[in-house]
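Close look at the chain arrangement
Listed below are the residues making up each chain.
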Amino acid sequence: MEDHRKTYLVLPQYDAGLLSPEQLEQLAALARKYRIPQTKITGAQRVAFLGVDPEDMTALRMELNIPETTPHGLHRVHYVQACPGRTWCKYGHQDALSLGERIKNIELEGPLPAKVKVGISGCRFCCCESWMRDVGLTGESKGWRFTFGGNAAGRPRIGDVVAEGLSGDEAVTLVTKTLNYYLHAARFKSRSARFMERYGIEALKKAVLG
Ligand code: SF4
């Protein structure tokens, strides 16, 4: 900010960029009410209110139903990106939006060691950059391909293929099993990319497949 005044970022809790007309109207009304200087669609398909006045934080969060602290800590994935998938895109092989909803609601056995970002693409064009997410799911004609350990940050990494040809139910089960394994085996703050560099895909497969 030009005047160097401290302001905050508020992220309304909508995943995968899905917003109804009513939700869009509510966001616009709140942006006006709280004089939000800038709203932004983030790279993670979320809406951000930028430059929020510190005095407005509590009231704005309450109006957006954002809890003061995340109710489950890191017991859930950080965010889920999902493309329109076969419901809305002519190239889609699988239903990315429905799978995204299910992955978002996975309950884990404990807190995750670090952020887990999920990218779900309905076909191999990979619009949600599934190879570069901790959990990547890509729709193919024979089912879902599940990759783990991708990262797009300072030390980028392509995720390892854990399994292919999965049904939606099998994908949810295997992602849950993999994340539970990761949360028990990884060091605190170890992102999945660094964890996979140490453990290797064969060790992971041995632990979660079969
Ligand atoms: S990944 Fe495939 S299905 Fe999804 S939006 Fe891109 S082209 Fe369409």
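Owing to the predicted nature of the structure, the values given are computational and were not obtained by experimental measurement.

Another aspect to go through is the domain arrangement of the protein chain. Taken domain by domain, the protein chain comprises domain 1 (8–63) and domain 2 (79–208). Placing a centre on the C-alpha atoms of domain 1 and another on those of domain 2 gives a separation of 27 Å. Across the boundary between the two partners, domain 1 contributes five residues, which contact seven residues of domain 2. Of the residues that constitute the side of domain 1 that touches domain 2, the class distribution is two nonpolar, one polar and two charged.

This brings us to the sheet that holds strand β2 (residues 38–41). Pairing in this open sheet of three strands is antiparallel, and the strands run β1-β3-β2 from one edge to the other. Where the open sheet ends on each side, the last strands, each with one partner, are β1 (8–10) and β2. Along the sheet, successive strands turn relative to each other by an average axial angle of 25°, direction set aside. Note: β2 against strand β3 (residues 47–52), four bridges, orientation antiparallel. Each bridged residue has a counterpart across the sheet, and for Gln 38 the counterpart in β3 is Leu 50.

Rules of the game
- Residues numbered from 1 in each chain as written.
- Predicted model: local features only at pLDDT ≥ 70, side-chain atom pairs only at ≥ 80, totals over all residues.
- Domains from an automatic or database assignment.
- Contact = placed C-beta atoms within 7 Å.
- Nonpolar A, V, L, I, M, F, W, Y, C, P; charged D, E, K, R; others polar.
- Pairing = 2+ DSSP bridges.
- Helix = DSSP H or I, 4+ residues; strand = E, 2+ residues; numbered from the N terminus.
- Axes fitted to C-alpha atoms, helices over the stretch in contact; angles between N-to-C directions.

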